[in-house]
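The residues making up each chain are set out below.
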Amino acid sequence: MTASEVVSGDVAGLAPELKGAKEGQGEVPIASAGERFRSFDVDAFEVPGGREENWRFTPLRRLKGLHDGSAAFEAVAPVTVTETAGVTVQKVGRDDARIGEGGVPFDRVAAAAWSAFGEATLVTLDGEPEPVTVVVEGPGEGATAAGHLHIRTTPHTRATVVVEHRGSGVLADNTEVVLADGSQLTLVVTEEWNDDAVHVGSEHFSIGRDATLRATTVQLGGDLVRVSSTVGYAGPGGDAELLGLGFADAGQHLEQRLLVDHSVPNCKSNVLYKNALQSDSRDSAHVVWIGDVLIRAAAENTETFEFNRNLVLTEHARADSVPNLEIETGEIVSAGHASATGRFDDEQLFYLRSRGIPEDQARRLVVRGFFGEVLNKITLPELRERLEAAVEAELALTGA
């Protein structure tokens, strides 16, 4: 499969390499994932207008100026890290040679955050340290900040890291995760913001030879949360599992974007994201999932699959799901993608009600089972129980 779609009309906001299309031609090819424009320079990106492919689902008016340069990054988003044996925490500037090893910004907000952060928090994991918790606090209600977090492993390290986002305010940030050869990292990222918060984040994963990433993202809070993730392989034998869970209430916009870029042989990726939505007649809930997987010509013996499921609990809720798979070689093990959006499974409800379980309890059981596939992969019992309780609290709002 190749990128052969076209869009019509205005070419404003396209990557510079596509701007040469003559005005009036009427059709401009959409760049493949492999041609995605990247730059550290915020001015290299056009100001998005909302028609661009990578911005068309995002309500720009709710970004508080992060996209158009009007946001003033005057505040700070504090980052704290639990330090144990095998964990080194440093505060560094963007001139540190390690900053940027994870990847290059691929949209205007990411480049703006890269240009604006004061100092980066750099966490190095060595050996088999105890689980590490990183807490990112919002800059406070009405304030705006840029941030940068860099997590890296030494060769053959085995570690678990939890990154918790909480508090109020507006935050644009970049997170780099660089896995050295043979290392294994379990990463859990939670978005537990207050209701006013806006978070536009970019994640850059670099997976070394024979390294393994097990990443889980949980989006529960915030007014608008948009997280874009890119996975790249620095050597053969890399393995990435990306799991996600989102629960959107009335008025919330949760957006999950990812690109898995298979550029070397003998690597694996598995993607599973699940979202639930509930709303009321006054303000709709909206979730967006964009999943791009690119298998380049050199990436022989790739094994990949991506799946997104969305469960609509009420009226006035909208889910947009776009899985994309680009394959440039026929020498692969397997590749596939799927997407499904719907309401409760009537057969499951019927089965439970036929055994004397009231309908409201049956609905709760169905939703818990829906999310269980993701939550059960979280190996830290206290964290898993806290997130299960948070999901339960969300369910109580609908009476589901």
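That block above? That's the structure.
Residues numbered from 1 in each chain as written. Predicted model: local features only at pLDDT ≥ 70, side-chain atom pairs only at ≥ 80, totals over all residues. Heavy atoms only, no water.

### Quick word on the pattern of salt bridges
Thinking step 1. Overall, the coordinates contain 19 salt bridges when judged by the stated rule.
Thinking step 2. For Glu241, the salt bridge identified is with Arg214, shortest N-O distance 3.9 Å. Taken as a pair, Glu241 in strand β14 (residues 239-248) and Arg214 in strand β12 (residues 212-219) lie far apart in primary sequence, 27 residues in all.
Thinking step 3. By relative accessible area, which is 29% here, Arg214 ends up partly exposed.
Thinking step 4. Across the pair Glu255 and Arg226 runs a salt bridge whose closest N-O atoms are separated by 3.3 Å. With Glu255 in strand β15 (residues 253-262) and Arg226 in strand β13 (residues 224-233), this pair connects stretches of sequence that are 29 residues apart. (Salt bridge = Lys/Arg side-chain N within 4 Å of Asp/Glu carboxyl O. Helix = DSSP H or I, 4+ residues; strand = E, 2+ residues; numbered from the N terminus. Buried < 20%, exposed > 50% of the residue type's maximum accessible area, 1.4 Å probe, protein only.)

### Remarks on empty space enclosed by the protein
Thinking step 1. Tallied over the entire structure, the rule returns three cavities of 30 Å³ or more.
Thinking step 2. As a volume, the largest cavity reaches approximately 110 Å³.
Thinking step 3. If you trace the largest cavity, you find 16 residues lining it, with Val163, His165, Thr175, Val189 and Glu203 closest to the centre.
Thinking step 4. Counting only elements with at least two residues in the lining of the largest cavity, the list comes to β7 (144-153), β8 (158-167), β9 (170-179), β10 (184-193) and β11 (198-207).
Thinking step 5. Per element, the largest residue contribution to the lining of the largest cavity is five residues, and it comes from β11.
Thinking step 6. Residues that form the lining of the largest cavity fall into these classes: eight nonpolar, five polar and three charged. (1 Å grid on protein atoms, 1.4 Å probe; cavity = no way out; pocket = protein on both sides within 12 Å on 5 of 7 lines; lining within 4 Å. Points joined across faces, edges and corners; volume = space filled by probe spheres on them. Nonpolar A, V, L, I, M, F, W, Y, C, P; charged D, E, K, R; others polar.)

### Notes on the nonpolar core
Nonpolar side chains in soluble globular proteins tend to be buried together.
Thinking step 1. The biggest cluster of nonpolar side chains holds 50 residues, and the ones touching the most others in it are Leu125, Val161, Val163, Leu185 and Leu187.
Thinking step 2. Here this core gets five residues from one element, more than from any other, and that element is strand β17 (residues 285-295).
Thinking step 3. Ignoring any residue separated from it by four or fewer positions in sequence, one finds Leu185 in contact with Leu125, Ala159, Thr160, Val161, Val177, Leu179, Thr212, Leu213 and Arg214.
Thinking step 4. Judged by nonpolar contacts, the second largest core, of 21 residues, contains Leu220, Leu243, Phe370 and Phe371. (Core = buried A, V, L, I, M, F, W, Y, C linked by side-chain atoms within 4.5 Å. Contact = heavy atoms within 4.5 Å.)

### As for the sheet that holds β17
Thinking step 1. Taken in spatial order, the nine strands line up as β4-β5-β7-β9-β11-β13-β15-β17-β19 in an open sheet, and their pairing is mixed. Across the chains shown, the open sheet's two edge strands, defined by having one partner strand only, are β4 (87-92) and β19 (317-327). Here the strands of the sheet are splayed against their neighbours by 10 degrees on average, with no regard to which way each runs.
Thinking step 2. Taken together, the six bridges between β4 and strand β5 (residues 120-125) define a ladder with antiparallel strand orientation. Residue pairing in the sheet places Lys91 in a bridge with Thr121 of β5.
Thinking step 3. Where helix α1 (residues 108-116) meets the sheet, it contacts β7, β9 and β11, and its direction lies at approximately 85 degrees from that of β9. (Pairing = 2+ DSSP bridges. Axes fitted to C-alpha atoms, helices over the stretch in contact; angles between N-to-C directions.)

### Considering the packing of aromatic side chains
Both the distance between ring centres and the angle between the ring planes are used here to describe each pair of aromatic rings.
Thinking step 1. Under the defined criterion, the tally for this structure stands at five aromatic pairs.
Thinking step 2. Both rings, one in Phe247 and one in Phe371, keep their centres 5.8 Å apart while their planes meet at 40 degrees; by these two values the pair is tilted. Here the residue Phe247 occupies a position in strand β14, and Phe371 occupies one in helix α3 (residues 359-375), the gap between them amounting to 124 residues.
Thinking step 3. Residue Phe371 is classed as buried on the basis of its relative accessible area of 0%.
Thinking step 4. Pairing Tyr273 with Trp289 gives two aromatic rings, centres 6.3 Å apart and planes at 45 degrees, and the pair type is tilted. One end of the pair, Tyr273, is in strand β16 (residues 268-277); the other, Trp289, is in strand β17, with 16 residues separating them in the sequence.
Thinking step 5. On the basis of relative accessibility, which here comes to 6%, the residue Tyr273 falls in the buried class.
Thinking step 6. Each residue in the set Phe247, Phe370 and Phe371 is aromatic and connected to the rest through ring pairs, giving one cluster. (Phe/Tyr/Trp six-rings, centres within 6.5 Å; stacked < 30°, edge-to-face > 60°.)

### What to know about the sheet that holds β16
Thinking step 1. Strand order across the open sheet formed by nine strands is β3-β6-β8-β10-β12-β14-β16-β18-β20, with mixed pairing between neighbours. In this open sheet, the two edge strands, each paired with only one partner strand, are β3 (79-81) and β20 (334-342). Mean inter-strand twist for the sheet, computed between neighbouring axes without regard to direction, equals 10 degrees.
Thinking step 2. The sheet contact formed by β16 and strand β18 (residues 303-312) spans 10 bridges and is parallel. For Ser269, the partnering residue across the bridge sits in β18 and is Thr304.
Thinking step 3. Docked against the sheet, α3 engages β12, β14, β16 and β18, running at close to 150 degrees with respect to β16.

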